[in-house]
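# Notes for the structure review
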Amino acid sequence: MYLIELDGSARKVAFDIQLTNGLAFSPDGRTLYHSDSARDHINCYSVTADDSLGEKQLFAETEIGSPDGLVVSEDGRVWVALPGGSGVGVYHPNGRFDQLIEIPEPMCTSVCFGGDDLKDLYIVSGSRGSESDRAGAVYVQRVDVAGLAVPLARVSVSA
Amino acid sequence: MAGGAGLLYSDVLNGGVFSVDRQGNVTTVFAYRKGIRGMSVDKNAGLIVSGRNISWKSVPEGETITVLEKNEVTGLIGFNDITTDEAVAFMQALCVPVLFLKMAGNPGPATCT
C-alpha cells in the first residue's frame, strides 16, 4: 500500500498484502480499514502522527465471499462489498458482524454512500459468475446512518 | 454523488467513466480509458483514476497528467482502489494525500468512486 503525498511523491506504507482492494478511514481518521481479498481479511491499521501506518491487525475475516470495496459510516461501522457473498457485509467498529445487505447477484464488488444526506447506499455488481442481465449493475438502498464524506484529492499534478 | 453531478462509476472492461443521475440518465465523463480500478474526485475539476497508472484527468474530458507510473522492476504492476484522507490535527502538515494500492487481481467491471 502506498501513500501519495500532497507534493506528488509516493512511499510504501504497508506490506504483505496479497490482493489489495477497498480502503477507508474511521470517523476520527485514526484507523485505516483495508480489504485483502485473497486472504478474506479486512485488516486495520492505526494512522500515526507522522503519516505512517502501524502494524497490520485483523479486523474481521469474511465467512461468505471475499472483501472488496469498503466504506465507513458516521457511526464507525464498516460496509464491505462481498464478491461471492451476494451483498454488503456490515461490521461494527469492534469487528463483530452486524448484517448482510443482499443484492440479487453473487458478484458484489463495490459500495459507496451518496445522496444529499449520504444515506443512499450504492452497491455495484460485476458480471463474473452470473448470466443475468442485471450483472454489472448499480443498486441503491436507503440506510439509517450516513456515510462518511470522502475528501477531495489535492495531490499536486504537473504536466 | 460528486458536486451534484450524479453517481460516478467506471466500466473496467469496456472503458470510460460515467455519471448516472437520480432519474437514471447516464452521461459520459471519460469515454476511452479502460481498466479503471479506483477514482477520487479532485479539487481541481478533475478525477484521480487508478489502473495501469495513477492519473489526473480533467473534467470535462481533456488533459491527462500521470501522477505515478507503474514500475514492474519493483513489482509495482498496477493500481487498485484509492481513497483520500482528511486534514486532521494529528496528521498536521499533510492535508489530503491520495492512498493508492498495488493491483494484484481483477476486480469486477464497475466501481463506485
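Quick caveat: nothing in here was measured; it's all calculated off a predicted structure.

### A few points about the environment of Gly78(B)
All names here are of chain B.
- Along the polypeptide, Gly78 turns up in the loop between β7 (64-69) and β8 (83-84).
- Classification of Gly78 by C-beta neighbours within 10 Å gives partly exposed; the count is 18.
- Taking C-alpha positions, Gly78 is 4.7 Å from Arg52, a pair spaced 26 residues apart along the chain.

### What about the sheet that holds strand β4 (residues 38-42) of chain B?
Residues and elements named next belong to chain B.
- In space, the four strands of this open sheet follow the order β4-β5-β6-β7, with antiparallel pairing throughout. Unpaired on one side and paired on the other, β4 and β7 mark the two borders of the sheet. The sheet shows a mean angle of 20° between the axes of neighbouring strands, direction not considered.
- Inspection of the sheet shows strand β5 (residues 46-50) paired to strand β6 (residues 53-58) by five bridges, in the antiparallel sense. Bridging from a neighbouring strand, Val49 pairs with Ser55 of β6.

### Digging into the environment of Asn21(A)
Residue and element names in this part refer to chain A.
- Here Asn21 lies in strand β3 (residues 20-25).
- A count of 30 C-beta atoms within 10 Å places Asn21 in the buried class.
- C-alpha of Asn21 to C-alpha of Thr109: the two residues are 88 residues apart in sequence and 9.7 Å apart in space.

Cut-offs applied
Residues numbered from 1 in each chain as written. Chains lettered and ligands numbered in written order. Predicted model: local features only at pLDDT ≥ 70, side-chain atom pairs only at ≥ 80, totals over all residues. Helix = DSSP H or I, 4+ residues; strand = E, 2+ residues; numbered from the N terminus. Buried ≥ 20, exposed ≤ 12 C-beta atoms within 10 Å, placed from the backbone. Pairing = 2+ DSSP bridges. Axes fitted to C-alpha atoms, helices over the stretch in contact; angles between N-to-C directions.

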